[in-house]
Structures are given as C-alpha cells and as structure tokens.
Amino acid sequence: MDTGQRQDQRTATERRRKELLEAADRVVLRDGPEASMNAIAAEAGITKPILYRHFGDKSGLYRALAQRHTDALLGALRAALDSGNDRRDRVEATLHAYLAAIESRPQVYRFLMHPAEAPGDGDKGFDGGRHSSSLLRRMGEDLAEVIAERLDLGPQSQDLARVWGHGIVGMMHAAGDWWLGERPVPRDQLVSHLADLLWGRLAAAGDRAGSPGL
C-alpha cells in the first residue's frame, strides 16, 4: 500500500469515526447517562463489534465523546476570556459560557459527569461519573495555564495559578450542578454571585506585560 492509499484509508477511518461520534451524540442527547452501546450502534446502523473496532470498549467511546465536548467547552471558555475589555466582564462572560453550555445540553452534561442509575446492568450506562474527575482536572489545568499566562501573581505565580484554576473549575462545577438541578435563581444572578465570590484577589492582580490580560 503506497503513501496515498494509506492517507486515504486514514481519512476514511477518521470520517467514519466522526460519523459514529455524531450518532453517539444523538443517543446521549436523548438518553443522557442511560445511553448504551446497543443504542448507539443501532443509531449508527452498525453492529456493536464495529463500534468496538473503532473505540475499543465503552471507556474508549466515553473518552472520545468527553474529549469532543470538553474541547468545545474549553474553546468557549477561552473565547469568553477574550471578550470585552473589563476584567469583571470577562469573568462573568466565562461563568456564563460554562453555565450556558450545561444548560443548553443537560443530557450531555449528565452523561459526562453523572453515573448511570444502573451502570452494572449489562450494556446500560457508561458509568460516566467515575471518569468525571479527569475531565475537571483537564479543565482546571487549562484555566491555570491561561491565568499563569495573563496575570502577574508574584514569585509563586505558577503554583497560585494552578490553585486558582482548579478552584474556579471546582466552584463552577459544584455550583452549576446544583443550579441545573434546582434552578433556585436566574443564571444572571448566579453568575453575579459567583463573580462576587472570586473578585477580591482577582481584582487586585496585575496583568503580565505583553499579555492580553484577564
């Protein structure tokens, strides 16, 4: 097989994988944490062994879906951090971006972050809840990188940026999960209250020279 054929084969495999992930997304939007490999295979019009051939097992498919949605969320958060000129506005825009993402696709959020009701029942459920810590860790590290790039936090800047990154993600996740389940206040009000909680030291920190600021 020559180089061109190998490239064509890789392209076809990547295209098929994308189609299967889109089918999985449709099932997740419908079933949330109760999505199953059988349902995803049926939605894609294939047999389960073909699904396993592309992703290995349920964990492999879960990781692929998690990366797909986490990439999109991190892109939205970074865009929010670059919106507007006022730091307080950027902080609120970032909180809005996270809450809007989980509000607009709650079944996807629950699939990624909540365990299925019966994860051990044969094919039912991906037991996504046990994987959620790795997703939150990735988000925390990404936000820490942005903070370290943009804010001058003194001699322990890197360590402090990581503390802040993981702390802010943990706060958004816990508050967002509670809010999505109970809806005790409008989203604007929740964002304002969370921004107030963050604002003390964050307001006082200086921007790094040459950075776009936070």
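Presented here is an overview of the structure given in this document. Keep in mind that this is a model prediction, so the values were computed, not measured.

Procedures and definitions
Residues numbered from 1 in each chain as written. Predicted model: local features only at pLDDT ≥ 70, side-chain atom pairs only at ≥ 80, totals over all residues. Heavy atoms only, no water. 1 Å grid on protein atoms, 1.4 Å probe; cavity = no way out; pocket = protein on both sides within 12 Å on 5 of 7 lines; lining within 4 Å. Points joined across faces, edges and corners; volume = space filled by probe spheres on them. Helix = DSSP H or I, 4+ residues; strand = E, 2+ residues; numbered from the N terminus. Nonpolar A, V, L, I, M, F, W, Y, C, P; charged D, E, K, R; others polar. Salt bridge = Lys/Arg side-chain N within 4 Å of Asp/Glu carboxyl O. Buried < 20%, exposed > 50% of the residue type's maximum accessible area, 1.4 Å probe, protein only. Phe/Tyr/Trp six-rings, centres within 6.5 Å; stacked < 30°, edge-to-face > 60°. Lys NZ or Arg CZ within 6 Å of the ring centre and 35° of its normal.

1. Describing empty space enclosed by the protein
Stage number 1. With the rule as written, the count across this model stands at 2 cavities of 30 Å³ or more.
Stage number 2. If you trace the largest cavity, you find it lined by Leu81, Arg90, Val91, Thr94, Leu95, Leu143, Ile147, Ile168, Met172, Leu198, Leu202 and Leu214.
Stage number 3. Sorting the residues of the lining of the largest cavity by element identifies helix H5 (87–104), helix H7 (132–150), helix H8 (157–182) and helix H9 (187–204) as the ones contributing at least two each.
Stage number 4. Here the element with the most residues in the lining of the largest cavity is H5; it accounts for 4 residues.
Stage number 5. Residue classes in the lining of the largest cavity are distributed as 10 nonpolar, 1 polar and 1 charged.

2. Things to note about the pattern of salt bridges
Stage number 1. This structure, assessed with the given rule, holds 13 salt bridges.
Stage number 2. Put simply, Arg88 and Glu92 hold a salt bridge, and the shortest N to O gap is 2.9 Å. On the criterion of helical spacing, the pair formed by Arg88 and Glu92 is a turn pair, its members being 4 residues apart in helix H5.
Stage number 3. Since its relative accessible area comes to 21%, Glu92 is described here as partly exposed.
Stage number 4. For Arg162, the salt bridge goes to Glu141, with nearest N and O atoms at 2.4 Å. With Arg162 in helix H8 and Glu141 in helix H7, this residue pair connects regions lying 21 residues apart in the sequence.
Stage number 5. Each member of the salt-bridge network shares a partner with another, and the members are Arg88, Glu92 and Asp196.

3. A look at the packing of aromatic side chains
Stage number 1. Counting across every chain of the model gives 1 aromatic pair.
Stage number 2. Taken together, a centroid distance of 5.7 Å and an interplanar angle of 45° make the contact between Tyr62 and Phe111 tilted. One end of the pair, Tyr62, is in helix H4 (residues 58–81); the other, Phe111, is in helix H6 (residues 106–113), with 49 residues separating them in the sequence. With respect to class, Tyr62 is no different from Phe111; both count as buried.
Stage number 3. It is Arg183 that lies over the ring of Trp179; its NZ or CZ is 4.7 Å from the centre.

Remember that the coordinates give geometry; whether it matters functionally is a separate question.
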